[in-house]
Each structure stands twice: as structure tokens, then as C-alpha cells.
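A look at the structure
Each chain, letter by letter, is given below.
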Amino acid sequence: MVPGKYNMICPQGATFSQRLTWTIGDVPVNMTNYSARMQVRDKHKGSCIVLDLSTSNGQISLDDEGNIDLLVDADITEGIVAREYVYDLELNSGSQIYRLVEGKFIVTPEVTRA
């Protein structure tokens, strides 16, 4: 399976929430027993992890209708330097790992601050 390409935009200092839906031939994939992980890094081979989302830490949730919900609190996005990063999202079925989507993760600068 070739990963899809999708660029995400994250507003610095605001709650980041994104819903993706995985379908095969217009049929939603039931991900009830799956786990997921998504890392945002400064570059593809970079060692600096900017964000580390997973079903384990509650920042990714999956359902039986193919929905993948990403959620990062504003206090976390506030600390991310505004610039362009890279990410990918992997789903683990227990027997296979799928890299579902990848692309740029663009953090836009916050203007309104305390």
C-alpha cells in the first residue's frame, strides 16, 4: 500500500484537531482493534521529534467507521516553532503495519498572545 499524501496545517497556540477517514473501495475500515502512531519531525531523517501522537497517549482515536481523529491541546502547539515539518501516520492491526498517510505538517505563527 502506497501512503496517501496530505499536508496538514496546525495553528500555533490553538487546539489542533484533524479527522481523517480510511476507506477501501468506499467501504470504511473497521479499526476497532488497531493502534496508531504519528510523529512530526523537523526533517525525514531528523532525530528531533516535534510531536508524538498515539492511541496510547490519547491524541489519536480510531473507530469502526474508518475515522481517525487527531487532537493536540493548545498549550502543546503554543510551544512549537512556526515552520514546516514532516509527518507520517502508521496504523497497526496487530499483524500488519500500514503507513496510511504522510506529508508536510505546517505550523502557522500565532499573532494573538497573552
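Notes on the structure in this doc start here. (Residues numbered from 1 in each chain as written. Predicted model: local features only at pLDDT ≥ 70, side-chain atom pairs only at ≥ 80, totals over all residues. Heavy atoms only, no water.)

Considering the sheet that holds strand E9 (residues 67-72)
Pairing is antiparallel across the open sheet formed by 3 strands, whose spatial order is E3-E9-E8. Of all the strands in the sheet, the pair left with one neighbour each is strand E3 (16-21) and strand E8 (60-62). On average, adjacent strands in this sheet sit at an angle of 15° to one another, irrespective of strand direction. Across 6 bridges, the pairing between E3 and E9 is antiparallel. Along E9, the bridge assignment pairs Leu20 with Ile68. (Pairing = 2+ DSSP bridges. Helix = DSSP H or I, 4+ residues; strand = E, 2+ residues; numbered from the N terminus. Axes fitted to C-alpha atoms, helices over the stretch in contact; angles between N-to-C directions.)

Details of the pairing of E9
Sheet topology note: the E8/E9 ladder contains 3 bridges and is antiparallel. Residue pairing across strands places Ile60 opposite Leu70, the latter belonging to E9. With antiparallel pairing between neighbouring strands as the criterion, E8 and E9 make up a hairpin whose turn holds 4 residues, including Gly66 at a positive phi of roughly 85°.

As for the pattern of salt bridges
Counted by the stated rule, this structure contains 6 salt bridges. A salt bridge links Glu102 to Lys5, with the nearest nitrogen and oxygen atoms 2.5 Å apart. Of the two residues, Glu102 is situated in strand E11 (residues 97-108) and Lys5 in strand E1 (residues 4-5); the sequence distance between them amounts to 97 residues. Measuring nitrogen to oxygen at the nearest pair gives 2.8 Å for the salt bridge that ties Arg19 to Asp69. Remark: Asp69 occurs in strand E9 and Arg19 occurs in strand E3; sequence separation between them is 50 residues. Its relative accessible area of 23% is what places Asp69 among the partly exposed residues. Connected via shared salt-bridge partners are Lys5, Asp88, Arg99 and Glu102. (Salt bridge = Lys/Arg side-chain N within 4 Å of Asp/Glu carboxyl O. Buried < 20%, exposed > 50% of the residue type's maximum accessible area, 1.4 Å probe, protein only.)

As for the side chain of Gln12
Checked against the element boundaries, Gln12 lands in the loop between strand E2 (8-11) and E3. Owing to a relative accessible area of 16%, Gln12 belongs among the buried residues under this scheme. Within the structure, the side chain of Gln12 is placed 2.8 Å from the backbone nitrogen of Glu110, a separation counted as a polar contact. With near-sequence residues (within four places) excluded, Gln12 lies in contact with Thr77, Glu78, Ile80, Val81, Ala82, Val107, Thr108, Pro109 and Glu110. (Polar contact = N/O pair within 3.5 Å; in protein donor to acceptor, adjacent residues only side chain to side chain. Contact = heavy atoms within 4.5 Å.)

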